[in-house]
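Spelled out from the first residue to the last, the chains are:
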Amino acid sequence: MLAQQRQAAILDRVRATGGVRVTELAAEFGVSDMTIRRDLEALDERGLLAKVHGGATVAGPGSTDEPGFRAKSVRQLAEKAAIAGRAAELVRPGAAIALSAGTTTAELARRLVDVPGLTVVTNSLPVAEILHAGGRPDQTVVLTGGVRTPSDALVGPLAVGAVRSLHLDMLFLGVHGITERAGFTTPNLMEAETDRALVAAADRLVVLADHTKWGTVGISSIVELSAAHVLVTDDRLPPDARRVLDDRVGELVIVPVADGERAAARTAPATEGVAR
């Protein structure tokens, strides 16, 4: 296959699925990872897709653009792992917590499978499946029900109704974007309503967001910045964002991510299975 034909096939795949991985494309086309990376760079330079760590996603996000779970799972892998690791330290055995939908909260779920006595409420299909696969008999997982979004969140009246009767110790919230004016946002109107119900049900709100979320705006605000008791992010957060968030959120936790970890995340294939 000529490079031009291969790139056209790659572009079709990105548009159909929302995201691709270098390792999968290399195996499919019978070429090296480096060849696929050059293909993705060429398509990225033409504005046809967005090259990310380990793969590529669709280009041109807007306030209503909602990448699928698979597309988001190849982005900022090292940052998400570091954020999830720090967030897991906040969870105590026997707590009743909620995890919203998102790839960072899915990373957190992987670190909670061995915590005894947890009750976890979630509107995320991947989060529920990760915890269910862990098989710990003293954990209770409550899946809200609702209408499934492209990001594998369950939203809408059923989800909101299930959450409103609950009282939770802590909510770990994944977000699409953060700005000073709009606060924490999402591109899905129904997901925003479901997230607000989760916020109202929890005594403490912990937002998990890597540095790329700063300056991104979804169409619907979830809550203002001051609603967050804790915001866990990574050390590439810009200085102007640090100043704003230091002033507005209860506690800003910045997790260092070594360059070696970022390099490893760029070259390592993402974990297979439902959560990826």
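Rules used throughout
Residue positions are given per chain, counting from 1 as you read along its sequence in written order. Two thresholds apply to this predicted model, a pLDDT of at least 70 for residue-level local features and 80 or more for giving and counting side-chain atom pairs, whereas whole-chain, interface and lining totals are computed over all residues. Water and hydrogen atoms were dropped before computing side-chain values, which therefore reflect all heavy atoms in the structure. Only DSSP runs of H or I reaching four residues or more are called helices, and only runs of E reaching two or more are called strands; each is numbered from the N terminus. With a 1.4 Å probe rolled over the protein chains alone, any residue whose accessible area is under 20% of its type maximum counts as buried; one over 50% counts as exposed, and the rest are partly exposed. Should any heavy atoms of two residues lie within 4.5 Å, those residues are considered in contact. Working definition of accessibility: Shrake-Rupley area with a 1.4 Å probe, residue cover restricted to the visible protein chains. As used in this record, nonpolar core signifies buried Ala, Val, Leu, Ile, Met, Phe, Trp, Tyr and Cys residues forming a set joined through side-chain atoms within 4.5 Å. Two strands pair if DSSP finds at least two bridges between them. Axis definition: a line fitted to C-alpha atoms, limited for helices to the stretch in contact. Angles are taken between N-to-C directions and run from 0 to 180 degrees. Salt bridge, as used here: a side-chain nitrogen of Lys or Arg that lies within 4 Å of a carboxyl oxygen of Asp or Glu. Confidence of the predictor at the level of single residues is given by pLDDT, which spans 0 to 100. Between 65 and 115 degrees an angle is taken as roughly perpendicular, under 35 as roughly parallel, over 145 as roughly antiparallel, and anywhere else as oblique. The handedness criterion is simple: a crossing whose near helix is rotated anticlockwise from the far helix by less than a right angle is left-handed, and one whose near helix is rotated clockwise is right-handed. Basically, the charged four are Asp, Glu, Lys and Arg, the nonpolar ten are Ala, Val, Leu, Ile, Met, Phe, Trp, Tyr, Cys and Pro, and anything else, Gly included, counts as polar.

Describing the overall build of the chain
Secondary structure summary: the chain contains 11 helices and 15 strands in total. Within the chain, buried positions represent 53% of all 276 residues. Look at the contacts in the chain between residues 6 or more apart in sequence, and 62% of them connect residues 24 or more apart. Of the roughly 11,900 Å² of accessible surface on the chain, a fraction of 51% belongs to carbon and sulfur atoms.

Quick notes on the nonpolar core
Phe-184, Val-207 and Leu-245 are the most contacted members of the largest nonpolar core, which has 32 residues in total. Within the residue set of this core, elements represented by two or more residues are strand S4 (96-99), helix H8 (157-164), strand S9 (168-174), helix H9 (189-201), strand S12 (202-208), strand S13 (220-223) and helix H10 (239-248). Examining the composition of this core, we find that five residues originate from one element, H9, more than from any other. Contact partners of Val-207, with chain neighbours within four places excluded, come to Leu-173, Val-175, Phe-184, Ala-228, Val-230, Leu-231 and Val-232. Counting residues in hydrophobic clusters, the runner-up holds 30 residues, among them Ile-97, Ala-109, Val-232 and Val-253.

As for the sheet that holds strand S1 (residues 19-21)
Through backbone hydrogen bonds, the strands of a sheet pair up, either in parallel or in antiparallel fashion. Sheet architecture is open: three strands sit in the order S1-S3-S2, paired in antiparallel fashion. Two strands close off the open sheet at either side, each with one partner strand: S1 and strand S2 (50-52). Strand-to-strand twist in this sheet, taken as the mean axis angle between neighbours without regard to direction, amounts to 20°. In terms of strand pairing, S2 meets strand S3 (residues 55-57) through three bridges, oriented antiparallel. Directly across from Val-52, in S3, lies its bridge partner Gly-55. Along the sheet face, helix H1 (residues 3-17) touches S1 and S3 and points at about 125° away from the line of S1.

Focus on the pattern of salt bridges
What the rule picks out here adds up to nine salt bridges. A network of salt bridges, in which partner residues are shared, links Glu-107, Arg-110 and Arg-111.

Details of the confidence of the model for the chain
Taken as a whole, the chain shows an average pLDDT of 87; of its residues, 87% reach a score of 70 or greater. In the predicted structure, residues 269-276 sits below a pLDDT of 50 and forms 21 contacts with residues beyond four places in sequence or in another chain.

So, the packing of helix H2 (residues 22-29) against helix H3 (residues 33-45)
Their axes nearest at 9 Å, the elements H2 and H3 cross at an angle of 110°. The angle between the axes of H2 and H3 places the two elements in the roughly perpendicular class. Note that H2 runs across H3; the crossing there is right-handed. Residues Val-22, Thr-23, Leu-25, Ala-26 and Phe-29 of H2 pack against Asp-33, Ile-36, Arg-37 and Leu-40 of H3. Of the residues contributing to the contact of H2 with H3, the split by class is six nonpolar, one polar and two charged.

Let's talk about unusual backbone geometry
One non-glycine residue with positive phi stands out, namely Asp-152, at about 65°. Inspection of the secondary structure assignment puts Asp-152 in the loop between strand S7 (147-148) and strand S8 (154-155).

Focus on the pairing of S9
In terms of residue burial, S9 counts as a mostly covered element, since six of its seven residues are buried. Relative to S9, S4 runs parallel, the two being bridged by three bridges. Counterpart to Ile-97 in the pairing with S9 is Met-170. Where S9 and S12 come together, six bridges link them in parallel fashion. Paired with Met-170 across the strands is Arg-204, a residue of S12.

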